[in-house]
Amino acid sequence: MSNPLADMAKPDVIFCIGTNMTECHPVAATGLKKAMARGAKLIVADPRRIKLAELADVYLPIRVGSDVALLLAMAHVIEREGLMNRAFIEHRTAGWEDFRRNLKAFTPEWAAAICEVPAADIERAGLIYGRGRPAAIYYTLGITEHICGVDNVQSLCNLALMTGNLGVEGGGINPMRGQNNIQGCGDCGAETFVFPGSVKIDDVAARDKFANAYQRPDLDLGQAMTKVTGLQECGKSIHAMLIDGENTVVSDPDRNHCEHALKSLDHLVVIDIFMTETAKLAHVVLPATAWAETDGVACNTERRVQRLRAAVPPPGEAKPDWWIIAEIAKRLGIPGFDFQSPADVFNELCSLSPTYGGLDWERVSRESLNWPVPTKDHPGTPILHTEGFTNGRGRFMVLGYRDPAEVVDDAFPVWLTTGRRLQSYHTRTQTGRASGIDYLLSEESLEVNPADAEAWGFLDGDWAIVTSRRGEVKIKVRSTDRSPRGTVFASFSFADVPVNNLTGSGYDPTTHTAELKVCAVRIERAPVTLESAHDPREPENAHAR
Amino acid sequence: MSATATERELTMTLDGEAVGFRAGETIYQVAQRTKKSIPTLCYDERLEAFGACRLCVVEVDGVKAPVASCTTKATAGMVVRTDSPIIEKYRKTLLELVVSENREVDVSPLRGFASQEFTTLVDRYGARTGRFKGRQSGTSNKTDDNPFILRDYDLCISCYRCVRVCAEQEGDYAITMMNRGFGTQITTEFNGRLKDSACTFCGQCVQTCPTGALADKKALRAADLPGEIAKTRTICPYCGVGCSVDLLTKGDRLIGVQPAMDGPANQGALCIKGQFAFDFVQHDDRLKKPLVRQPDGSFKETEWDEALDLAAAGFRRSLKEHGRRSIYGIASGRAPHEAAYSMQKFIRAGFGTHYIDNCSRA
Ligand code: SF4
Ligand code: SF4
Ligand code: FES
């Protein structure tokens, strides 16, 4: 996030796109509700009539995967009406003229046909956002999990740049991260494109620094390999894998492909707290300590670095992840793994990361700061870009609209979009084992517009077979106005309803983020069998009570 | 006019001492800042002051009746007494009245963050008496079968904190107040189960309740466990908001979670996951020993040394047979920095590649 969570109560205009905030980040949504109580205006763009939509001044139920078209048209309106922040554009940005010329064609009428919402509403959204002082953008995976994920984010940047909503209190572009330490994972360099501190791997100076620090003179300059490619290469060029606590098989798109990939490895080591579907494919499974048992550090979505503290001992012989990884490394003769404590590990990270340079274990145990914290006396940086951008000027990107990797056709006539639910979390290895959660959410269902359900001959609770080009799942139908006609929704939280069998139609060419949000499916009645008469979930949930 | 100038200009007298204040501050806020301890029951600093319990009354020169300090704004030159004998007597009588309405005063601290506020005040004022034997307002709801929130309204004192936190903080408006006076009852829209209301089970009403009338059912399961309750400050394990929480433990057991009111990301707020979904940690399914796959596909528990040797041997073999570009690492967005940092170092220092990624791409 460019701005802190505390800023959420401050904007004049809030634009939420692709974020089901009340369900996925309910605590953050409380700030938003406060802003609205103060009179802030809310624009919501989401294919599904989520709860947030009920609160919106303008609700845009855009067709899945059409975000870029909407954002281009909003920029068009802002430019046409002269609502730009000219001083900001002149002093802080580059590429405005090209961008401006390109905008001419993207009228609200043009976008209306793609997004399937009225041009007048797009016009209104453009005017409201353009007049907001400040206006803040919030988004989540709904924006990034597309083949055009980078274009989506760039389009949001363009809007914020042209209106000068970066580097100001209550403004910004704010991605809401889904996992407690996914931001930190990137901060630590556990991401193929960057070293610790978000420095690119093709930066010569950084490469030399890490080659030196890690005693690895032949460290590659550049040459990233994303997880997507890594999985595709399993059994071809990749033969051994170390997976730390991620249930790849259930959470990744195209489950069949993923399972097949991991099975074709010569060697798979999984570190986890439960015997997940992924761990079951491993050659060696190593038990890790869990949250509440592990001392460490995490970074939240607003770049706030915070201490995690152990309160109870781990079960049996479970060990902290860092210890396990270090032990394997030492056995392989990899230098620099003589860590005695989590503090040793964290302090090494701080010594190598420019954004964490002013932090150390002792300091994060005392106070929580937003990075960058370059020096020991630096107070942290709640708002980014107040003075300037890392690379000088903020650059406008000239973009066009692309269809999703897969569009509906006669064989697969329905859009499927996926997401998360309030009561459960990711692949449920955690919430599925917390008592009481079943009381509220014990099974997955396919959300279908009531008119569609009727047209397709489904009553609530009927079983349907959902088929995409990659696989099929059996799932119960639930009709709800949240789904627009022709679009159905399911979450990927239940292992026994592996919705990710269906997804995975394509990837963003730059980041390799999977197109998890959209795919084309066909929906048919499930034949009545003994199995569907008997709820297949019973055994899995038996231990959760 | 700068803020500091304003502060210097505005002064009032509090228990004989001159104190400065900012325009808009209530008497209670000024008193808090100067470390006076005015008792309150219906006050939660995150919410609009409400003025229902009247426990926070103070004497103001020139005003006949005592005034509620939580709702009265400080004004320049005001002379206030927070602890005169008359005021203290008034508070004691009020508390005795409230005590007489309730089935019990002493409740388990596991009920909720603020559950001890009432007991503490009753003790401070020695108000434990059966003098009023009055009728009680609120009747416990025994039919709501939800596994999270006990609705023990026999202990309700009608401070409205739950209703207000739900509306003001959560924006959920799941609960309201029915009737007035002794007929007062906290309830949901259709007087039914929370599950059938707009309730999201965030637990905020539980944590602000000063008497334990609303209580944490999951934590209460540990009421009979021996041992002292300890609290450890940490961060919620679920989403990226990073709410601060206090873990409640007894000995080696994790028994509950309470929100940290001073948490920088959440200011006391939590959602159902952070509040109630903590017990996956000590679930029976946890892996307790290293496991090694056997030729027949089953897993066998082994000692650490053997498992680590096998883990390393596989990478060594791959390195030898296929070279350094044959090994890949996937880090977790749920493990701490130390895990993520070690994972990327394992790959970069071990094999000189950048063949490391995490789950953010899916
Ligand atoms: S748990 Fe949360 S949503 Fe439910 S009644 Fe209490 S405050 Fe309201
Ligand atoms: S309590 Fe809820 S909102 Fe807060 S970090 Fe946890 S999951 Fe996120
Ligand atoms: S705290 Fe002031 S009236 Fe209750």
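Sequence order sets the numbering: in each chain, residues are counted from 1 along the sequence as written. As a convention, the first chain written is A and the first ligand written is 1, with the rest following in written order. pLDDT decides what is reported in this predicted model: residues at 70 or higher carry local features, side-chain atom pairs at 80 or more are listed and counted, and totals for whole chains, interfaces and linings draw on all residues regardless. Note that water and hydrogens are dropped before the side-chain values are worked out from all heavy atoms of the structure.

### Quick notes on the site of ligand 1
Consideration 1: One heavy atom within 4 Å of a molecule or strand is enough for the residue carrying it to be called near that molecule or strand. By nearness alone, every residue bordering ligand 1 is listed as I149(B), C166(B), D172(B), A174(B), I175(B), C199(B), T200(B), F201(B), C202(B), G203(B) and C205(B).
Consideration 2: Looking at the shell around ligand 1, its residues break down into eight nonpolar, two polar and one charged. Just so you know the grouping, Ala, Val, Leu, Ile, Met, Phe, Trp, Tyr, Cys and Pro go in nonpolar, Asp, Glu, Lys and Arg go in charged, and all remaining residues, Gly too, go in polar.

### A word on the packing of helix α4 (residues 67-80) of chain A against helix α6 (residues 96-103) of chain A
All names here are of chain A.
Consideration 1: Every axis in this analysis is a line fitted to C-alpha atoms, fitted for helices over the stretch in contact. Angles between the N-to-C directions lie between 0 and 180 degrees. Every helix listed is a DSSP run of H or I at least four residues long, and every strand listed is a run of E at least two residues long, numbered separately from the N terminus. Contact geometry of α4 with α6 gives a least axis separation of 9 Å together with a crossing angle of 105°. Overall, the two elements α4 and α6 adopt an arrangement that is roughly perpendicular. Side by side, α4 and α6 meet where L72, A75, H76 and E79 of the first sit next to W96, F99, R100 and L103 of the second.
Consideration 2: Class assignment of the residues belonging to the contact of α4 with α6 gives a composition of five nonpolar, one polar and two charged. Relative orientations are named as follows: roughly parallel for angles under 35 degrees, roughly antiparallel for angles over 145 degrees, roughly perpendicular for angles from 65 to 115 degrees, and oblique for any other angle. Any two residues having at least one pair of non-hydrogen atoms within 4.5 Å are treated as being in contact.

### Looking at the sheet that holds strand β15 (residues 327-330) of chain B
Consideration 1: On the basis of which strands lie adjacent, the open sheet formed by seven strands has the order β14(B)-β13(B)-β11(A)-β10(A)-β9(A)-β15(B)-β16(B) and mixed pairing. Edge positions in the sheet fall to β14 (299-301) and β16 (356-357) of chain B, since each has one partner strand and no second.
Consideration 2: We call two strands paired when DSSP finds no fewer than two bridges between them. As paired elements, strand β11 (residues 284-287) of chain A and strand β13 (residues 291-293) of chain B share two bridges and run antiparallel to each other. By the bridge assignment, V285(A) is partnered in β13(B) with L291(B).
Consideration 3: In this fold helix α16 (residues 321-331) of chain A packs onto β9 (240-244), β10 (267-272) and β11 of chain A, with an angle of close to 155° to the strand it touches most, β10(A).
Consideration 4: Each of β9 of chain A together with β15 and β16 of chain B touches helix α10 (residues 337-351) of chain B; the most contacted strand, β15(B), lies at about 170° to it.

### Concerning helix α15 (residues 255-263) of chain A
All names here are of chain A.
Consideration 1: When accessible area is computed with a 1.4 Å probe and restricted to protein chains, residues below 20% of their type maximum are described as buried, those above 50% as exposed, and intermediate ones as partly exposed. Those residues of α15 that sit buried are R255, C258, A261 and L262. Down the axis of α15, the smallest arc covering the buried residues is 125°, so these residues share one side. Exposed residues on α15 whose side chains face more than 90 degrees from its buried face are H260 and K263. As used here, the arc is the angular range of directions from the helix axis to the C-beta atoms.

### Regarding the site of ligand 2
Consideration 1: Close to ligand 2 lie V27(A), C236(B), Y238(B), C239(B), G242(B), C243(B), L270(B), C271(B) and G274(B), which account for all nearby residues.
Consideration 2: At ligand 2, the nearby residues belong to more than one chain, namely chains A and B.
Consideration 3: In the shell around ligand 2, the residues fall into seven nonpolar, two polar and no charged.

### Overview of the packing of aromatic side chains
Consideration 1: Geometry of aromatic contacts follows a simple scheme: Phe, Tyr and Trp rings, the Trp one being its six-membered ring, pair when their centres are within 6.5 Å, and the pair is stacked under 30 degrees between planes, edge-to-face over 60, tilted otherwise. Counting across every chain of the model gives 20 aromatic pairs over all chains.
Consideration 2: For the pair F50(B) and Y160(B), a centre-to-centre distance of 5.0 Å together with 35° between the ring planes defines the contact as tilted. Placement of F50(B) in the loop between α2 (27-33) and β3 (57-60) and of Y160(B) in the loop between β6 (149-151) and α5 (161-169) is noted, with a sequence separation of 110 residues between them.
Consideration 3: By relative accessible area, F50(B) is classed as partly exposed at 35%.
Consideration 4: Judged by centre distance (5.7 Å) and plane angle (70°), the ring pair of F315(B) and F346(B) falls under edge-to-face. Here F315(B) is found in helix α9 (residues 304-322), whereas its partner F346(B) is found in helix α10, with 31 residues between them in sequence.
Consideration 5: Given the relative accessible area of 0%, F315(B) is considered buried.
Consideration 6: Ring-pair connections join several aromatic residues into one group, and the members of that group are W96(A), F99(A) and F396(A).
Consideration 7: The lysine or arginine in question, K319(A), covers the ring of W323(A), its NZ or CZ lying 4.9 Å from the ring centre.
Consideration 8: Counted as over-ring charges are cases with an Arg CZ or a Lys NZ within 6 Å of the ring centre that also lie within 35 degrees of the ring normal. Here K474(A) stacks its cationic end above the ring of W463(A), 5.4 Å away from the centre of that ring.

### Describing the pattern of salt bridges
Consideration 1: We count a salt bridge whenever a side-chain nitrogen from Lys or Arg sits within 4 Å of a carboxyl oxygen from Asp or Glu. Per the stated rule, a full pass over the model turns up 50 salt bridges over all chains.
Consideration 2: For D295(A), the salt bridge identified is with R307(A), shortest N-O distance 3.1 Å. Taken together, the residues span a long stretch of sequence, with D295(A) in the loop between β11 and β12 (296-299) and R307(A) in strand β13 (residues 304-308) at a distance of twelve residues.
Consideration 3: Within the structure, one salt-bridge network assembled from shared partners comprises R216(A), D218(A), D220(A), R324(B) and R325(B).

### Some remarks on the domain arrangement of chain A
All names here are of chain A.
Consideration 1: Residue ranges assigned to each domain were obtained from an automatic or database domain assignment. Split by domain assignment, chain A resolves into domain 1 (5-176), domain 2 (178-224 + 293-313 + 338-376) and domain 3 (414-533).
Consideration 2: A straight line from the C-alpha centre of domain 1 to that of domain 2 covers 32 Å.
Consideration 3: Tallying the contact residues gives five residues for domain 1 and four residues for domain 2.
Consideration 4: Take the accessible area each of two parts loses on contact, using a 1.4 Å probe, and add the two losses: that sum is the buried area. Interface of domain 1 and domain 2: buried area, both sides summed, is about 330 Å²; carbon and sulfur atoms make up 48% of it.
Consideration 5: Summed over the shared surface of domain 1 and domain 2, the number is zero salt bridges.
Consideration 6: Residues adjacent in sequence count toward polar contacts only when both atoms are side-chain atoms; beyond that, a polar contact is any pair of N or O atoms within 3.5 Å, and within protein one must be able to donate a hydrogen and the other to accept it. For the pair domain 1 and domain 2, the interface holds two residue pairs in polar contact (both at pLDDT 80 or more).
Consideration 7: When the residues that make up the side of domain 1 that touches domain 2 are grouped by side-chain class, the tally is four nonpolar, one polar and no charged.

### Topic: the pairing of strand β16 (residues 414-419) of chain A
Residue and element names in this part refer to chain A.
Consideration 1: Counting buried residues in β16 gives six out of six residues, a clear majority hidden from the surface.
Consideration 2: With burial as the criterion, each face of β16 is covered, one bearing V414, L416 and T418 and the other bearing W415, T417 and G419.
Consideration 3: Sheet topology note: the β16/strand β21 (residues 519-525) ladder contains three bridges and is antiparallel. Residue pairing for β21: L416 is matched across the bridge by C519.

### Things to note about the packing of α16(A) against α9(B)
Consideration 1: Look at α16(A) against α9(B): their axes get within 9 Å of each other, and the N-to-C directions meet at 60°. Comparing their axes, α9(B) and α16(A) come out oblique. At the point where α16(A) passes α9(B), the crossing takes the right-handed sense. Where α16(A) abuts α9(B), its residues W323(A), I324(A), E327(A), I328(A) and R331(A) lie against W304(B), D305(B), L308(B), D309(B), A311(B), A312(B), F315(B) and R316(B).
Consideration 2: Its residues assigned to classes, the contact of α16(A) with α9(B) shows eight nonpolar, no polar and five charged. By convention, the crossing between two helices is left-handed when the near helix turns anticlockwise from the far helix through less than a right angle, and right-handed when the turn is clockwise.

### Description of unusual backbone geometry
All names here are of chain A.
Consideration 1: Here the amide bond leading from R133 into P134 is cis, since omega sits at 0°, within 30 degrees of zero.
Consideration 2: Secondary-structure assignment places P134 in the loop between α8 (119-131) and β5 (135-139).
Consideration 3: Each neighbour pair has its own omega, and for W371 with P372 the value is 0°, a cis peptide bond.
Consideration 4: With respect to the element layout, P372 can be found in the loop between β14 (369-370) and β15 (394-395).

### Concerning the confidence of the model for chain A
Consideration 1: In the predicted model, chain A carries a mean pLDDT of 85, and 87% of its residues have values of at least 70.
Consideration 2: A score between 0 and 100, pLDDT records how confident the predictor is in each residue. Here residues 530-545 of chain A scores under 50 on pLDDT; set against residues more than four positions off or in separate chains, the count is 29 contacts.

### Quick look at the environment of V105(B)
Consideration 1: By secondary structure assignment, the location of V105(B) is in the loop between α3 (85-101) and α4 (117-124).
Consideration 2: The spatial distance from the C-alpha of V105(B) to the C-alpha of L155(B) is 8.0 Å, given a sequence separation of 50 residues.

### Quick word on α9(B)
Residues separated by three or four positions in an α-helix point in the same direction, a consequence of the helix having 3.6 residues per turn.
Consideration 1: By definition here, a helix of n residues has an expected span of 1.5 Å times n minus one. Spanning 19 residues, α9(B) covers 27 Å between terminal C-alpha atoms, matching the ideal 27 Å at 1.5 Å per step.
Consideration 2: Where α9(B) ends, the next residue or the one after it, G323(B), has phi of about 90°, a positive value.

### What to know about the interface of chain B and chain A
Consideration 1: Between chain B and chain A, the contact holds 115 residues from the first and 150 residues from the second.
Consideration 2: Note on chain B versus chain A: buried area summed over both sides is about 11,300 Å², and carbon and sulfur give 62% of it.
Consideration 3: Residue E293(A) is joined to R286(B) by a salt bridge in which the shortest nitrogen-to-oxygen separation is 2.9 Å.
Consideration 4: The interface formed by chain B and chain A contains 61 residue pairs in polar contact (both at pLDDT 80 or more).

### Regarding the sheet that holds β12(A)
Hydrogen bonding along the main chain pairs the strands of a sheet, whether they run parallel or antiparallel.
All names here are of chain A.
Consideration 1: In space, the three strands of this open sheet follow the order β12-β13-β14, with antiparallel pairing throughout. With partners counted over all chains shown, the strands left at the sheet margins are β12 and β14, one partner each.
Consideration 2: Pairing of β12 with β13 involves four bridges; the strand directions are antiparallel. When the sheet's bridge partners are listed, V297 is paired in β13 with R307.

### Things to note about the nonpolar core
Consideration 1: Counting residues in each nonpolar core, the largest one holds 154 residues, and the members touching the most others are M241(A), L286(A), W291(A), I328(A) and F346(B).
Consideration 2: Other than its neighbours up to four places away in sequence, F346(B) contacts L242(A), I325(A), I328(A), A329(A), L332(A), I334(A), F337(A), F315(B) and F351(B).
Consideration 3: A45(A), V58(A), L60(A) and I114(A) belong to the second-largest nonpolar core, a separate cluster that totals 51 residues. Remark: nonpolar core denotes a set of buried residues (Ala, Val, Leu, Ile, Met, Phe, Trp, Tyr, Cys) joined through side-chain atoms within 4.5 Å.

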